Amino acid sequence: MSRIVYPFDAPPPEGEATEVAPGVLWCRLPLPMALNHVNVYALDDGDGWTIVDTGFASRKSRAIWETLLAGPLGGRPVNRVIVTHYHPDHIGLAGWFRTEHGADLVTTRTSWVLARMLQLDEQPVPVQQTIDFWRGAGMSAEMLAKRSAERPFNFADSVAPLPLGYTRIQEGETLRAGGRNWIVRVGDGHAPEHATFWSQDDALVLGGDQLLPSISPNLGVYATEPEADPVAEWLESCAYFKTVATDDHFVLPGHKLPFTGLPFRLDQLIDNHHGALDRMRMHLSTPHSAVGCFPPLFKRDISDGEFGLALVEAMAHCLFLWHAGEVDRWKDENDVWQWQMRADQR
């Protein structure tokens with residue numbers, strides 16, 4: 001197979017579910033952003049359900065879940081919530097399922113630790129390290145002044161309080177849910193220690209944001225780890241998944257539509273970033289900031305609403321080239337990092 005195929009041409013309506021395989025229900029929750037939805041899955045365990053990912057913690061999301069629980073899920077209990085990674089649209093209601101429904105939380109250690117830590121880190125305005133990071137990436141003085149005075153996105157704004165205890169999963173382990181045994185395979189780049197689940201009884205794969213069709217997940221560098229290399233981690237993870245992916249794998253992703261054609265899609269994801277890096281190499285024949293790399297990297301105008309994600313992704317691609325020894329970097333008189341291909345690389 002040399003293409004992606006979508007067996008379902010439309011998502012389930014709000015508050016409803018689509019059975020994508022025996023004992024596996026696909027539901028969708030809204031998000032208040034450009035990517036306006038997240039997919040969640042309910043696996044039938046007989047005496048109750050295992051939920052995979054949860055959506056944001058919001059009044060609307062909780063109301064939709066109550067509709068789902070009473071309707072498609074038949075009033076049976078949610079015994080367990082599996083979280084693929086710590087991002088708020090995936091872990092947001094895990095704590096609510098624990099406190100209101102008694103469900104156990106199952107995730108990787110890194111996801112649990114980061115979520116617990118970030119929930120405590122509430123900021124009325126950005127801290128100085130974040131402001132310095134934005135400046136270093138090339139954010140304009142006007143935007144920097146505006147954003148420095150605004151309340152930033154806080155993890156606690158969209159994630160319910162998390163339980164003290166959880167069940168750890170890690171690479172190579174198996175767990176049983178929905179009448180199947182699943183092997184845990186872990187990727188990195190979009191989120192550290194992102195869990196995916198590969199059925200050993202049929203061709204189903206729960207891909208989270210690691211295995212998406214039609215869009216590429218954000219690979220970002222933040223002030224919390226300003227010299228991280230998520231692009232290298234992402235490429236390494238895609239290469240790893242290629243060793244186990246087959247054409248008949250039916251991927252249930254965190255966003256967009258379920259699909260087949262995973263080997264082809266992994267090649268696309270790898271090629272897309274190599275193409276972006278090649279455009280960056282040409283662009284950096286002269287010095288530029290990370291923000292100055294938006295045109296070759298994204299090939300379109302970036303709106304204010306997208307600016308933050310674009311900035312961290314541009315930094316990630318600059319840092320990939322720096323870690324690879326292809327570019328030099330230095331701070332100019334305005335404390336902005338300038339990046340340029342090394343003389344022996346031009």
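These figures come from a predicted structure and were not determined experimentally. (Residues numbered from 1 in each chain as written. Predicted model: local features only at pLDDT ≥ 70, side-chain atom pairs only at ≥ 80, totals over all residues. Heavy atoms only, no water.)

### Considerations on the overall build of the chain
Thought 1: Within the chain, the regular secondary structure consists of 10 helices and 14 strands.
Thought 2: Computed over its C-alpha atoms, the radius of gyration of the chain comes to 21 Å, within 12% of the 20 Å expected for a compact globule of 346 residues.
Thought 3: Dimensions along the principal axes, computed over C-alpha positions, put the chain at roughly 65 × 50 × 35 Å.
Thought 4: Buried positions account for 53% of the 346 residues belonging to the chain.
Thought 5: A separation threshold of at least 6 residues defines the contact pool for the chain, and within that pool the share at least 24 residues apart is 65%.
Thought 6: Here the chain holds 29 positive side-chain charges and 45 negative ones, and the gap between their average locations is 1 Å. (Helix = DSSP H or I, 4+ residues; strand = E, 2+ residues; numbered from the N terminus. Rg over C-alpha atoms; globule rule 2.2 N^0.38 Å. Buried < 20%, exposed > 50% of the residue type's maximum accessible area, 1.4 Å probe, protein only. Contact = heavy atoms within 4.5 Å. Lys, Arg positive; Asp, Glu negative; His and termini not counted. Charge placed at Lys NZ, Arg CZ, Asp CG, Glu CD.)

### A few points about the pattern of salt bridges
Thought 1: Using the criterion set out here, one finds 15 salt bridges in the structure.
Thought 2: The salt bridge partner of R80 is D45, with a shortest N-O separation of 3.7 Å. Residue R80 is found in strand β5 (residues 78-82), and its partner D45 is found in the loop between β3 (37-44) and β4 (49-52); the two are separated by 35 residues along the sequence.
Thought 3: Note that K242 and D267 form a salt bridge whose closest N and O atoms lie 2.7 Å from each other. A residue pair is termed long-range when its members are at least 10 positions apart, and K242 in helix α7 (residues 230-242) and D267 in helix α8 (residues 262-283) qualify at 25 residues.
Thought 4: On the basis of relative accessibility, which here comes to 37%, the residue K242 falls in the partly exposed class.
Thought 5: A single network of salt bridges, built from pairs that share partners, joins E122, R151 and D157. (Salt bridge = Lys/Arg side-chain N within 4 Å of Asp/Glu carboxyl O.)

### Quick word on the pairing of β3
Thought 1: Where burial is concerned, most of β3 is hidden: seven out of the eight residues are buried.
Thought 2: As judged from the seven bridges shared by strand β2 (residues 24-30) and β3, these two strands associate in the antiparallel manner. In the sheet register, L25 faces β3, and the bridge partner there is A42.
Thought 3: Taken together, β2 and the strand that follows it, β3, pair antiparallel across an intervening segment of six residues.
Thought 4: Pairing of β3 with β4, which is carried by four bridges, proceeds in the antiparallel orientation. Bridging from a neighbouring strand, A42 pairs with I51 of β4.
Thought 5: As consecutive antiparallel partners, β3 and β4 are separated by four residues, and within that stretch G46 has a phi angle of approximately 90 degrees, a positive value. (Pairing = 2+ DSSP bridges.)

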